[in-house]
Amino acid sequence: MKKISIIIPAYNEEESLPHLYERLEKLMSSMENYEFEILFVNDGSKDNTISLIKEYREKDNRISYVDFSRNFGKEIAMIAGLDYAKGDCVIFMDADLQDPPELIPELVKYWEEGYDDVYAKRNSRKGETWLKKFTSKMYYRVLQHLTNVPIQEDTGDFRLLDRRCVNALRKMRESQRCSKSMFSWIGYKKKEVLYDRDPRVAGQTKWNYKKLVDLAIDGITSFTTSPLRISTYVSIPTFMILFIYFIYVIAKCIVTSTAIQAYQAIILLILFFSGVQILLFGIIGEYLGRIFNESKNRPLYLVNEYNGEKEMNDEDK
Ligand code: UDP
Ligand code: MG
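Every value quoted in this text rests on a predicted model; they were computed, and no experiment measured them.

Visitor: For this particular structure, what's the right way to read the coordination of the magnesium ion (ligand 2)?
Guide: Distances from the magnesium ion (ligand 2) to its protein donors, Asp-96 (OD) and Gln-98 (OE1), fall within 1.9 Å. Owing to a relative accessible area of 4%, Asp-96 belongs among the buried residues under this scheme. Residue classification places Gln-98 among the buried positions, given a relative accessible area of 10%.

Structural data, given as structure tokens:
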């Protein structure tokens, strides 16, 4: 029997978990030809999430869990899930039931037909503000323009990945992760499935705009160095303007035989150029920060417990 691992990152999800478990149980009993593993990654929750998960595991041996030593963020929880999942394929799902488990049979059907990466594309976004919809749309546009790999629009992390995709993703150990573009980067045979994204069943969203902006910047800078090219694009016309203006001022002085009266213009120019320089230094700093972070070569995450056993951190995952 083929084994399907469902990976669920969970951060303070005690209110959603009972609903989630109920829906998953129904799903699993409707798909009798498969073995299931439900792998929770408890991302340093501060509520009762972990004790609930442990409770479920006692009743149901299909439940496994990885318990982080602290909150590492959803992206890191996802790679940990890939590291620990035992299935022939994995499915990423949110704990808040925004991704309906009822779609899983369809994902699996396409997997059986030979697709390696079956991703769910959102038809609508119920219960999300227009600002979030708008910013996410703009983000996809920008990301698409700047990177060479095609990015799937309106696609979250809800997807099924074949074992070989899992192995490929596990080789990508960078610390500032953007799974969305990594899924595109690995390639393989992809298939899109449409669905309606539901509002969260319970609890609060864990995202705020700062986190989203951080994710967006990571997504762009981890896949392309084209922001570095801004320096070229900005500097060429700037120097041309500078040169033309310089000629103009000199010529005017000679023709009218007056001294330069342009101290205000000079102040403006100084302000302008220092502005440009600050911008460029910012961009360079962004990449230097990345090199710094990657060169530290730290483990991506630390695990407190795996299925009830204390993790000693003595082997490489
Ligand atoms: N999540 C996580 N670590 C975090 C933040 C979120 O593991 O630091 C999990 C969360 O429990 C949920 C999923 O990531 O299962 C998506 O989070 P959320 O629903 O808050 O995001 P949204 O759907 O609003 O984008
Ligand atoms: Mg959600």
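Now that the structure has been shown, the text picks up again.
Visitor: Is there a simple way to explain the packing of helix 5 (residues 130-146) against helix 8 (residues 209-221) in this structure?
Guide: When two helices pack together, their arrangement is given by the angle between the helix axes and the distance between those axes. With their axes 10 Å apart at the nearest point, helix 5 and helix 8 run at an angle of 15 degrees to one another. Viewed along their axes, helix 5 and helix 8 adopt a mutual orientation that is roughly parallel. Considering the relative orientation of helix 5 and helix 8, their crossing is right-handed. Here Leu-131, Lys-132, Thr-135, Tyr-139, Val-142, Leu-143 and Leu-146 of helix 5 come into contact with helix 8, specifically with Tyr-209, Leu-212, Leu-215, Ala-216, Gly-219 and Ile-220. Residue composition of the contact of helix 5 with helix 8, by class: 10 nonpolar, 2 polar and 1 charged.

Visitor: Whenever I open this one, the pairing of strand 6 (residues 155-162) confuses me. Can you help?
Guide: When a strand is regular, its side chains alternate between the sheet's two faces. Within strand 6, 8 of the 8 residues are buried, which leaves it mostly tucked inside the rest of the structure. Taken together, the 4 bridges between strand 4 (residues 89-92) and strand 6 define a ladder with antiparallel strand orientation. Looking at the pairing, Cys-89 lines up with Asp-162 of strand 6.

Visitor: Explain the environment of Arg-164 here, please?
Guide: Position of Arg-164 relative to the elements: it lies in helix 6 (residues 163-170). Exposure remark for Arg-164: the relative accessible area of 41% places this residue in the partly exposed category. Each C-alpha atom of the pair Arg-164 and Asp-117 lies 9.8 Å from the other, and the pair is 47 residues apart in sequence. If we ignore the near neighbours within four places in the chain, the residues touching Arg-164 are Asp-116 and Tyr-188. Of the polar contacts made by the side chain of Arg-164, one reaches the side chain of Asp-116; its length is 2.8 Å.

Visitor: Hey, could you run me through the confidence of the model for the protein chain in this one?
Guide: Per-residue confidence for the protein chain gives a mean pLDDT of 82, with 90% of residues at or over 70. Mean pLDDT across the elements of the protein chain ranges from a minimum in helix 10 (residues 263-296), with 73, to a maximum in strand 4, with 95.

Visitor: What am I meant to see in helix 2 (residues 49-59) here?
Guide: Given 3.6 residues per helical turn, the α-helix brings residues three or four places apart onto the same face. Residues of helix 2 that are buried: Thr-49, Ile-50, Leu-52, Ile-53 and Tyr-56. Viewed along the axis of helix 2, the buried residues span an arc of 160 degrees, placing them on a single side of the element. Turned more than 90 degrees from where helix 2 packs its buried face, Glu-58 and Lys-59 sit exposed. Where helix 2 is buried, its residues contact strand 1 (2-10), helix 1 (17-30), strand 2 (34-42) and strand 3 (63-68).

Visitor: Is there a simple way to think about the pattern of salt bridges in this case?
Guide: It is possible for side chains bearing opposite charge to pair when their charged atoms get close. Here the structure, examined in full by the defined rule, presents 12 salt bridges. A salt bridge links Lys-74 to Asp-94; the shortest N-O distance between them is 2.9 Å. Separated by 20 residues along the polypeptide, Lys-74 in helix 3 (residues 74-84) and Asp-94 in the loop between strand 4 and helix 4 (104-112) bring together distant segments of the chain. Residue classification places Lys-74 among the partly exposed residues on the basis of a relative accessible area of 24%. When the shortest N-O distance is used, the salt bridge between Arg-159 and Asp-117 registers 2.8 Å. Taken together, the residues span a long stretch of sequence, with Arg-159 in strand 6 and Asp-117 in strand 5 (residues 117-125) at a distance of 42 residues. Just as Arg-159 is buried, Asp-117 falls in that class too. Because the salt bridges share partners, they merge into one network encompassing Lys-74, Asp-94 and Asp-157.

About the criteria used
Residues numbered from 1 in each chain as written. Chains lettered and ligands numbered in written order. Predicted model: local features only at pLDDT ≥ 70, side-chain atom pairs only at ≥ 80, totals over all residues. Heavy atoms only, no water. Donors = N, O, S within 2.8 Å, 3.2 Å for Na, K, Ca; no water. Buried < 20%, exposed > 50% of the residue type's maximum accessible area, 1.4 Å probe, protein only. Axes fitted to C-alpha atoms, helices over the stretch in contact; angles between N-to-C directions. Helix = DSSP H or I, 4+ residues; strand = E, 2+ residues; numbered from the N terminus. Parallel < 35°, antiparallel > 145°, perpendicular 65-115°, else oblique. Left-handed = near helix turned anticlockwise from the far one by under 90°. Contact = heavy atoms within 4.5 Å. Nonpolar A, V, L, I, M, F, W, Y, C, P; charged D, E, K, R; others polar. Pairing = 2+ DSSP bridges. Polar contact = N/O pair within 3.5 Å; in protein donor to acceptor, adjacent residues only side chain to side chain. pLDDT = per-residue confidence, 0-100. Arc of directions from axis to C-beta. Salt bridge = Lys/Arg side-chain N within 4 Å of Asp/Glu carboxyl O.

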